[in-house]
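# Secondary and tertiary structure notes
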Amino acid sequence: SSDELHERIVAARAALGERVVILGHFYQRDEVVQHADFVGDSFQLANAAKTRPGAEAIIFCGVHFMAETADILTRPDQAVILPNLAAGCSMADMADIDSVTECWEDLADLYGTEPDADGRVPVVPVTYMNSSAALKAFCGEHGGIVCTSSNAESVLEWAFERGQRVLFFPDQHLGRNTAKAMGVPLERMPMWNPRRPLGGNDEQTLLDAQVLLWHGFCSVHRRFTVDQIDRARADHPGARVIVHPECPMAVVDAADEAGSTDYIRKAIAAATEPTTFAIGTEVNMVNRLAAEFPQHTIFCLDPVICPCSTMYRIHPGYLAWVLEGLVRGELLNRITVPDDVAENARVALERMLAMKP
Ligand code: 13P
Ligand code: SF4
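Residues numbered from 1 in each chain as written. Chains lettered and ligands numbered in written order. Predicted model: local features only at pLDDT ≥ 70, side-chain atom pairs only at ≥ 80, totals over all residues.

### Description of the overall build of the chain
The helix and strand tally for the chain stands at 15 helices and 13 strands. Over its C-alpha trace the chain gives a radius of gyration of 21 Å, about what one expects of a compact globule, namely 21 Å for 357 residues. Dimensions of the chain along its principal axes, counting C-alpha atoms only, are 65 × 55 × 35 Å. Looking at the chain as a whole, 48% of its 357 residues qualify as buried. Considering only intrachain contacts with a sequence separation of at least 6, the fraction spanning at least 24 residues in the chain is 67%. (Helix = DSSP H or I, 4+ residues; strand = E, 2+ residues; numbered from the N terminus. Rg over C-alpha atoms; globule rule 2.2 N^0.38 Å. Buried ≥ 20, exposed ≤ 12 C-beta atoms within 10 Å, placed from the backbone. Contact = placed C-beta atoms within 7 Å.)

What follows is the structure, encoded as structure tokens:
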């Protein structure tokens, strides 16, 4: 039963003490979040992993790319554990290293590899945190950087200073929404389709491009629609509509604000008057916010319950299982990134962590 699981988790934690730290993403279910030492967005969790030098084991209640990132940023004697190895991210899977490398080679044919008179290289690769370690390593190796949804604009600024263009993967929406907010015209952000020659573009479009967008998307956030926003506004006049920048552009444009999961949380926490918030992000997080801030009316824009199915795979049963493994001295479900990949990926991650959000 769930009470029994709860007790098992509490008992194993007590036996392990300070040797273990549990990190939980905002999208995790309540039965998991309640055991986390730290709950946050993907940027905060990357920092949290790094700043717990005492922990021998970091149990990452999130998805695979987050656990990989934690492994890259922590010492080799610290084990990162993903309670269920099937907790991946469909968006991260949409950009694989082979397709990105092929794209990179095509771009080198088109743009050359020499910097311009201002010393700006032809292309700077930028990967969203939601990507494999191999892609982060690719960015580290090729003068690029990682971004999260809470710092995408500062990262793009960094990249525009160093390059004539940016290749942004895997999330087309975060790339488009961020670049648009920075004033990049839509016609200068073509999308790259790896299955078509020139990514499905004509050569002139690519020569004029400022941001090349990969074709990835989040299956949770792409469900939000302008219709839902219209309906929310009709039913709740004066509602504040806040959506995650992984939502399609039309949805971000129709919302009042767009921001990362932490941005959404802070916006609600900062509201002094009772307010209605219509939120476009994962439902577990929205429901938790609604419970935490009862003075406000908070609901998810999508009336069909839509959790992130892979985040949801971190069932408390798996958390109990990996914790009890540690009590017995067994490291179950350890995530390790090979040294050569980790080294380059760390370069790209440290570039991001060195910046102001
Ligand atoms: P943030 O935690 O950066 O807001 O990202 C949301 C998300 O989709 C994580 O997978
Ligand atoms: Fe991936 Fe979307 Fe789930 Fe985040 S919410 S882990 S981007 S599928």
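Back to the text.
### A short note on the nonpolar core
Counting residues in hydrophobic clusters, the biggest one holds 117 residues, and the most contacted among them are Leu23, Ile58, Phe60, Val126 and Ile145. Dropping the residues within four chain positions of it, Phe60 is found in contact with Leu23, Met66, Ala67, Ala70, Val80, Ile81 and Leu82. (Core = buried A, V, L, I, M, F, W, Y, C linked by C-beta atoms within 7 Å.)

### Let's talk about the site of ligand 2
Neighbouring ligand 2 are 13 residues, the closest being Cys89, Met91, Cys218, Val220 and Cys308. A breakdown of the residues in the shell around ligand 2 according to their chemical character gives eight nonpolar, four polar and one charged. (Near = placed C-beta within 6 Å. Nonpolar A, V, L, I, M, F, W, Y, C, P; charged D, E, K, R; others polar.)

### Digging into the UniProt feature "binding site: [4Fe-4S] cluster" (unreviewed entry) in the chain
Mapped onto this numbering, the UniProt entry annotates "binding site: [4Fe-4S] cluster" (unreviewed entry) at Cys89, Cys218 and Cys308. Across 220 residues of sequence, these annotated residues stay compact in space, with a maximum C-alpha separation of 9.3 Å. Relative to the assigned elements, Cys89 resides in the loop between β4 (79-81) and α5 (97-111). In this fold, Cys218 is placed in the loop between β9 (211-214) and α10 (226-235). (UniProt positions renumbered as here; feature names shortened; annotations may be inferred.)

### Structural notes on the domain arrangement of the chain
For an interface, size is often stated in terms of accessible area lost upon the parts coming together. In terms of domains, the chain is made up of domain 1 (2-88 + 311-337), domain 2 (92-218) and domain 3 (221-300). A separation of 32 Å is found between the C-alpha centroids of domain 1 and domain 2. Counting from both sides, the interface comprises nine residues of domain 1 and, opposite them, ten residues of domain 2. When contributions to the side of domain 1 that touches domain 2 are tallied by element, the ones reaching two or more residues are α3 (42-50) and α4 (64-73). (Domains from an automatic or database assignment.)

### Things to note about helix α8 (residues 172-181)
Of all ten residues in α8, eight are buried; the element is thus mostly enclosed. When we look at burial in α8, the residues that qualify are Gln172, His173, Leu174, Gly175, Arg176, Asn177, Thr178 and Ala179. In the stretch just after α8, Gly183 is the one whose phi turns positive, near 95°.

### Details of the pairing of strand β13 (residues 297-300)
Covered by surrounding structure in β13 are Ile298 and Cys300 only, the residues Thr297 and Phe299 on the alternate face being uncovered. Here strand β12 (residues 276-280) pairs with β13 via four bridges, running parallel. In the strand pairing of β13, Ile279 is matched with Cys300. The handedness of the β12 to β13 crossover, carried by helix α13 (residues 283-292), is right-handed. (Pairing = 2+ DSSP bridges. Right-handed = clockwise from strand over helix to strand, strands pointing away.)

### Quick word on the environment of Ser260
Inspection of the secondary structure assignment puts Ser260 in the loop between β11 (257-258) and α12 (261-270). Looking at Ser260, the number of C-beta atoms within 10 Å reads 24, which means it is buried. Once the C-alpha coordinates of Ser260 and Pro245 are considered, the two residues, 15 residues apart in sequence, prove to be 6.9 Å apart. Leaving out residues up to four positions away in the same chain, Ser260 has contacts with Asp41, Thr148, Ser149, Ser150 and His244.

### Examining the packing of helix α1 (residues 2-16) against helix α14 (residues 316-327)
Between α1 and α14, the shortest axis-to-axis distance is 9 Å and the interhelical angle comes to 30°. Considered as vectors, α1 and α14 are oriented roughly parallel to each other. Considering the relative orientation of α1 and α14, their crossing is left-handed. Facing Ser2, Leu5, Arg8, Ile9, Ala12, Arg13, Ala15 and Leu16 of α1, the residues of α14 in contact are Pro316, Gly317, Leu319, Ala320, Leu323, Glu324, Leu326 and Val327. Considered class by class, the residues forming the contact of α1 with α14 number eleven nonpolar, two polar and three charged. (Axes fitted to C-alpha atoms, helices over the stretch in contact; angles between N-to-C directions. Parallel < 35°, antiparallel > 145°, perpendicular 65-115°, else oblique. Left-handed = near helix turned anticlockwise from the far one by under 90°.)

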